Amino acid sequence: MYLNCKTYFSYHYGTYSTAELVKQALSQQVRSLALTNINGTPDVWEFVKLCREGNIKPLVGCEIRNDHRFCYILLAKNEIGLTDINRFLSEHKRDKTAYPDRPDLGDDVYVIYALNKFDPAALRTNELIGVKPAEVNKLYRVPAALHPDKFVVRQPVTFQNTRYFSLHRLLRAIDLNTLYTKLNPEDLAGKDETFKLESEIISTFEEHPTILNRTNLLVEECGIETELKTDKNKKCYTGSLQEDRKLLKKLALEGIKKRYKNATQEIEDRINKELKVIDKLNFNAYYLMVWDVIKFAQASNFFYVGRGSGANSIVAYLLEITNVDPIKLDLYFERFLNEFRTSPPDFDIDFSHKDRDAVIGYIFNRYGENHVALLGMYSTFKRRAIIRELGKVMGLPKAEIDRLVRNQQVRLPEDSWQHKIEQFGSLLLKFPNHHSIHAGGMLISENPIYAYSAQEMPPKGFATSQMDMILVETIGLFKLDILSQRGLGHIKDTISLVKKNKGITIDINRVDDFMQDEKVAAQIRKADTIGCFYIESPAMRQLLLKLKCDDYLTLVAASSIIRPGVSQSGMMKTYIHNYHHPNQVKYLHPKMEDLLQETYGVMVYQEDVIKVAHHFGGLNMAESDILRRAMSGKYRGTKEMDRLQQKFFANCEERGYPEKISLEVWRQVASFAGYSFSKAHSASFAIESYQSLYLKTYYPMEFMVGVINNFGGFYRTEFYFHELKRAGAKVHAPCVNNSELFTSIIGDEVYVGLIHIEKLNDSLKEKILYERHHNGLFQSLKDFIERVQPGLELLNILIRINALRFTGINKKDLLWRANFMQKRAKDQAVVAVLFQEEEVEFQLPELYSNPLEEAIDEIEILGFSLGDLFSLADTDRAGITLATELSAHVGKDVTVTGRLVTTKDSWTKKNEHMMFGTFLDEQGNWLDTVHWPNSIVKFPFLGNGFYKMTGKVMEDFGVYAVEVSSMVKIGYKV
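Please read all numbers here as calculations on a predicted model, not as lab measurements. (Residues numbered from 1 in each chain as written. Predicted model: local features only at pLDDT ≥ 70, side-chain atom pairs only at ≥ 80, totals over all residues. Heavy atoms only, no water.)

Trainee: Mind showing me how you'd approach the overall build of the protein chain here?
Mentor: Along the protein chain, the regular secondary structure elements total 36 helices and 23 strands. By principal-axis analysis of the C-alpha atoms, the protein chain measures approximately 95 × 95 × 65 Å. Evaluated residue by residue, the protein chain yields a buried proportion of 55% over its 974 residues. Taking as baseline every contact in the protein chain between residues at least 6 positions apart, the subset at least 24 positions apart corresponds to 69%. With the model as given, the accessible surface of the protein chain reaches about 43800 Å², and the carbon-plus-sulfur share is 50%. Of the charged side chains in the protein chain, 123 are positive and 125 negative, and the gap between their average positions amounts to 2 Å. (Helix = DSSP H or I, 4+ residues; strand = E, 2+ residues; numbered from the N terminus. Buried < 20%, exposed > 50% of the residue type's maximum accessible area, 1.4 Å probe, protein only. Contact = heavy atoms within 4.5 Å. Areas by Shrake-Rupley, 256 points an atom, 1.4 Å probe, with all protein chains shown as cover. Lys, Arg positive; Asp, Glu negative; His and termini not counted. Charge placed at Lys NZ, Arg CZ, Asp CG, Glu CD.)

Pasting the structure below:
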């Protein structure tokens, strides 16, 4: 009966969650149910899983609509039918074509049309007509009895009740971007599209038994037998399981020669153990496919980082998937792969944002577009978006909506609308809003990917599954994460710039040498890490200073304890103290000292939790990882958790540990597991940090240009230009005769790239560069105008930013001349001439620019100024303390001035809002501030610019900051 049910994955239409739909069916003792979301199948496998658990027969398909107009329902007879439906949806989404009025999908898909759409006599075997209970009276004019095999009952299910019908109306208004009062009847579902009782539907059709019989027959004919949670991934890399096993072992053994001078017994045993588990869990092909991607990247000179829990695998290290040695760092393979894992692991491979699409394209070509898809996800409605969307479709003025967004407790004069927003907003919270793309997940399936999901076609042109990560795991697909980050772009571009500028070839893989380099160590000790991947934020730089970090293992630890959970729990402070006072560390038990000596008694890593559970509590490695996952909320199954807890305490008792000690160790394991971080992940990040550090240490100017050209990092671009100048570069504003598209460097001369002039369109930038490279430097203003024809508005922008200073003419004078020439040119046709006319000469009065005007022009056009803005700040410098002088004033009040770099919100233990500030002082040094709740209320931040602050100097492990008691924003000198 229920052949047309929708969930909220019919975006902006349905109001049932998948679980609620099935729960409703269970409560009404429904025996079969069809999920037919609009133009998609995103939650099919969750639906199938829930129906099977409830002993309901699941039918699957979709409802086809063109521009919100109902066309027909597609219902899969079997797995072939579902594949055909998903392919049909995907092809039309890919080609952006309308769905046909009458599809030809073959005998494995039933097509159910609306009543009176077609003559039943003209329908194919697999085509039917659906009759709603509300349409029974219309059957008197339809020869249904003459075609007993063509008519079925169609009871649409879209919303739960009248309250949810109102929510449906609001969703439709959001979708159509209109006021909900202006919706037309055809924009909405019928008010009767609810879960009517089956007995009521049967009673409605009692005079049409042939329709009821055909409906029951349809339900019997259709079904899905696909087994969930079984491996659906590409089975073989070579063509057979046996050859995959042989190849992986061969590659691992070959990798020993590259990675180790001497293969110890420990290394050989670890390799054999891993290969055995990998083979048992059918992961040979997965490893080989990732290895294949890495070989492509290496051949293409793409830099990459293999990170995440995959770095716990020595086989991954030997295949050069990762650069972390798990033997050296005591990393456990079970953290990545073990026979008790309930969800599949995956490799995370980072590429430069410039190279990632090429890697994704290679995977699609290598394994075929029918078997590859990006992993999808969906964005959900959140509080701010809900208030804005509901306020808009209810017709509230923008000012009132803004007030509601800023303060949920505000009461408007007419609060009935606010009440409605709160009422329906609570229902809408966490509803799927629209389909999106996972950050990097890719799927490679053995059977066509359409067997499991329809695909969307986002702007970049890579097919993306409608399923998200949870449903992918439900069906039994593993994802491979092909991610992008700007840090690798920094490294790649810097190497290229050094080669071009200095003629030096850098082997960036000499990481072991970098770790022994005293200059690099000194760079970390003083936290001179701006631009370096993962270690440039104010919090990280402060941590490096507090640790006096200058080695790899400490940097790995720093990458972990900086995480919010560890720092907020107070364990970061404990770690720093213990790090500096190792002799004062009190261990619960001598065994715990053996296990946690490296991390000074603190369980910094997830691997520490596994280590303690195994070596102290006697669980095997696989069980220890299950315990870690369970305690961090990543494992489902209380029975297994209870079993492991009992085994842990039984083992502790057997080993003679005092009960008090065992209980405390268990408590610490439980508390640390929730916020600990993967050591393998931190180790991978730390390697890339060292590569960045090496480049910044020896080639600081090229490095900062590389950072600037990748537009990525913790700070705004202007502060990377600041660092570039501190490194000794002479930075010049954009110039049409010297600048390239991106910022360029020759010797120590740097020209800001044309790309930073945001108001300049791309075609003009290209034309300037083309003209200069093919026809020589521009000789004069007239020459530039005639060759480039920029138009007056864009020409004025170029002049204001001094990009035509090669003319030697004052820019105000140049603006006057440019406007004269452009006006003259506008009145004359542009024609080729044999001889160039001489420029019109005229005398202008002397026009001056002051430094503030120059700075304002740069800020307006580039977004930042290249000059010394501090010299323009309107402040008296008498009595000002510099950042380098704070150490002499600990505990005393000082007055400081600074240019705001960034702020960070935080909350006290009483949940009061406070902030941290990062500034540059007038010498260009970094200055940190703390703003407690009372201070931030009285003296709030007022945007970017200069501030004068008074407060007490505080010191924490050798790092100094000012606790601000008063603050005022400083303007510019006029």
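Once you've had a look at it, read on.
Trainee: Would you take a moment to explain helix α13 (residues 398-406) for this structure?
Mentor: The set of residues buried in α13 consists of Ile401, Asp402, Leu404 and Val405. Projection of α13 onto a plane perpendicular to its axis shows the buried side chains occupying an angular sector of 160°, all on one side. (Arc of directions from axis to C-beta.)

Trainee: It is not clear to me how the environment of Asp594 should be interpreted in this structure. Could you clarify?
Mentor: By secondary structure assignment, the location of Asp594 is in helix α23 (residues 590-596). Residues Asp594 and His615, 21 residues apart in the sequence, show an inter-C-alpha distance of 9.7 Å.

Trainee: Honestly, the packing of aromatic side chains in this entry has me stumped. Any pointers?
Mentor: The full count for this structure, using the stated rule, is 47 aromatic pairs. Ring centres of Phe364 and Phe462 lie 5.5 Å apart, and the angle between their planes is 20°; this geometry places the pair in the stacked category. With Phe364 in helix α11 (residues 356-367) and Phe462 in the loop between β13 (455-456) and β14 (464-465), this residue pair connects regions lying 98 residues apart in the sequence. As far as the burial class goes, Phe364 and Phe462 line up, both buried. Taken together, a centroid distance of 4.1 Å and an interplanar angle of 10° make the contact between Phe616 and Tyr657 stacked. Of this pair, Phe616 sits in helix α24 (residues 606-616) while Tyr657 sits in the loop between α26 (638-654) and α27 (659-673), placing them 41 residues apart in sequence. (Phe/Tyr/Trp six-rings, centres within 6.5 Å; stacked < 30°, edge-to-face > 60°.)

Trainee: In this structure, what is going on with helix α19 (residues 538-547)? I would like to understand it.
Mentor: Side chains three or four residues apart in an α-helix point the same way, a direct result of the helix having 3.6 residues per turn. Most of α19 sits inside the fold, with 7 of its 10 residues counted as buried. Turning to α19, its buried residues are Pro538, Met540, Arg541, Leu543, Leu544, Lys546 and Leu547. Remark: Lys548 follows α19 within two positions and exhibits a positive phi of approximately 50°.

Trainee: Help me understand the nonpolar core in this model?
Mentor: In summary, soluble globular proteins display a tendency toward joint burial of nonpolar side chains. Of all hydrophobic cores here, the largest spans 123 residues; its most connected members are Phe616, Leu724, Ile768 and Leu804. Counting residues per element, this core draws most heavily on helix α28 (residues 679-698), at 8 residues. With near-sequence residues (within four places) excluded, Ile768 lies in contact with Val736, Leu754, Leu760, Phe778, Phe784, Val788 and Leu798. Listed in part, the 64 residues of the second largest apolar core include Val30, Ile129, Ala451 and Met467. (Core = buried A, V, L, I, M, F, W, Y, C linked by side-chain atoms within 4.5 Å.)

Trainee: How do you make sense of the pairing of strand β10 (residues 348-352) when you look at a structure like this?
Mentor: In the case of a regular strand, side chains alternate between the two sheet surfaces. Counting buried residues along β10, 5 of its 5 residues qualify, which places the element largely inside the surrounding structure. Note: strand β9 (residues 304-307) against β10, 4 bridges, orientation antiparallel. Bridge pairing in β10 places Val305 opposite Asp350. Bridge count for β10 against strand β15 (residues 479-485) is 5 bridges, and the pairing is parallel. Within β15, the residue paired with Ile349 across the bridge is Ile482. (Pairing = 2+ DSSP bridges.)

Trainee: How should I be thinking about the sheet that holds strand β19 (residues 893-907) in this particular structure?
Mentor: Within a sheet, adjacent strands bond to each other through the backbone by hydrogen bonds, running parallel or antiparallel. Spatially, the 5 strands close up into a barrel ordered β19-β20-β21-β23-β22, and their pairing is mixed. Pairs of neighbouring strands in the sheet enclose a mean axial angle of 50°, with direction left out of account. Pairing of strand β22 (residues 946-956) with strand β23 (residues 959-970), which is carried by 11 bridges, proceeds in the antiparallel orientation. Looking across to β23, one finds that Val953 is bridged to Val962. (Axes fitted to C-alpha atoms, helices over the stretch in contact; angles between N-to-C directions.)

Trainee: Explain the environment of Val585 here, please?
Mentor: Considering the arrangement of structural elements, one finds Val585 in the loop between α22 (571-580) and α23. By relative accessible area, which is 13% here, Val585 ends up buried. When the C-alpha positions of Val585 and Thr574 are compared, they lie 9.7 Å apart, and in sequence the two are 11 residues distant. For Val585, the residues in contact, after removing those within four places along its chain, are Asn578, Tyr600 and Gly601.

Trainee: Before we go on, may I ask you to explain the environment of Gly656 in this structure?
Mentor: Position of Gly656 relative to the elements: it lies in the loop between α26 and α27. A relative accessible area of 57% places Gly656 in the exposed class. Considered as a pair, Gly656 and Asp550 are 106 residues apart in the sequence and their alpha carbons are 40 Å apart.

Trainee: What is the right way to look at the sheet that holds strand β18 (residues 749-751) in this model?
Mentor: Taken in spatial order, the 3 strands line up as β16-β18-β17 in an open sheet, and their pairing is mixed. This sheet does not close on itself; its edge strands, each paired only once, are β16 (730-732) and β17 (744-746). Taken over all neighbouring pairs, the strand axes of this sheet differ in orientation by 25° on average, direction set aside.

Trainee: What is the right way to read unusual backbone geometry from this model?
Mentor: Trans peptide bonds make up most of the peptide bonds, and negative phi angles are found at most residues other than glycine. Although it is not a glycine, Lys229 adopts a positive phi angle of roughly 60°. Checked against the element boundaries, Lys229 lands in the loop between α6 (209-221) and α7 (241-259). Backbone geometry places Tyr534, a non-glycine residue, at a positive phi of 75°. With respect to the element layout, Tyr534 can be found in the loop between α18 (518-525) and α19.

Trainee: Looking at this structure, I do not really get a nonpolar patch on the surface. What am I missing?
Mentor: On the surface, Phe711, Leu741 and Phe742 cluster together into a nonpolar patch covering about 240 Å² of accessible area. By secondary structure assignment, the location of Phe742 is in the loop between β16 and β17. (Patch = residues over 30% accessible without salt bridge, like charges linked within 9 Å, V, L, I, M, F, W, Y side chains within 5 Å. Salt bridge = Lys/Arg side-chain N within 4 Å of Asp/Glu carboxyl O.)

Trainee: Would you explain the side chain of Thr18 in this entry?
Mentor: Considering the arrangement of structural elements, one finds Thr18 in helix α1 (residues 18-27). Residue classification places Thr18 among the buried residues on the basis of a relative accessible area of 1%. For Thr18, the residues in contact, after removing those within four places along its chain, are Thr7, Phe9, Asp43, Glu46, Phe47 and Leu50.

Trainee: It is not clear to me how the pattern of salt bridges should be interpreted in this structure. Could you clarify?
Mentor: Where charged atoms of side chains with opposite charge meet at close range, the side chains can pair. Tallied over the full model, the rule gives 58 salt bridges. When the shortest N-O distance is used, the salt bridge between Asp348 and Arg307 registers 3.9 Å. Of this pair, Asp348 sits in strand β10 while Arg307 sits in strand β9; the two residues are 41 residues apart in sequence, bridging distant segments of the chain. Of the two residues, Asp348 and Arg307, both sit in the buried class. When the shortest N-O distance is used, the salt bridge between Asp350 and Arg307 registers 2.6 Å. With Asp350 in strand β10 and Arg307 in strand β9, the pair connects residues that are 43 residues apart, well separated along the chain. In this structure, Asp350 and Arg307 share a single accessibility class: buried. Taken together, the shared-partner salt bridges in this structure form one network comprising Lys759, Arg800, Lys811, Glu854, Asp857 and Glu860.

Trainee: Even after reading the chapter, I still don't get the packing of helix α16 (residues 486-502) against helix α29 (residues 700-709), so can you show me in this structure?
Mentor: Relative orientation and spacing of two packed helices are given, respectively, by the angle between their axes and the distance between those axes. One can describe the packing of α16 onto α29 by two numbers: an axis separation of 8 Å at closest approach and a directional angle of 135°. Put simply, α16 runs oblique to α29. Classified by chirality, the crossing of α29 by α16 is right-handed. Where α16 abuts α29, its residues His490, Asp493, Thr494, Leu497, Val498, Asn501 and Lys502 lie against Glu702, Phe703, Val705, Gly706, Val707 and Asn709. Residues that form the contact of α16 with α29 fall into these classes: 5 nonpolar, 5 polar and 3 charged. (Parallel < 35°, antiparallel > 145°, perpendicular 65-115°, else oblique. Left-handed = near helix turned anticlockwise from the far one by under 90°. Nonpolar A, V, L, I, M, F, W, Y, C, P; charged D, E, K, R; others polar.)

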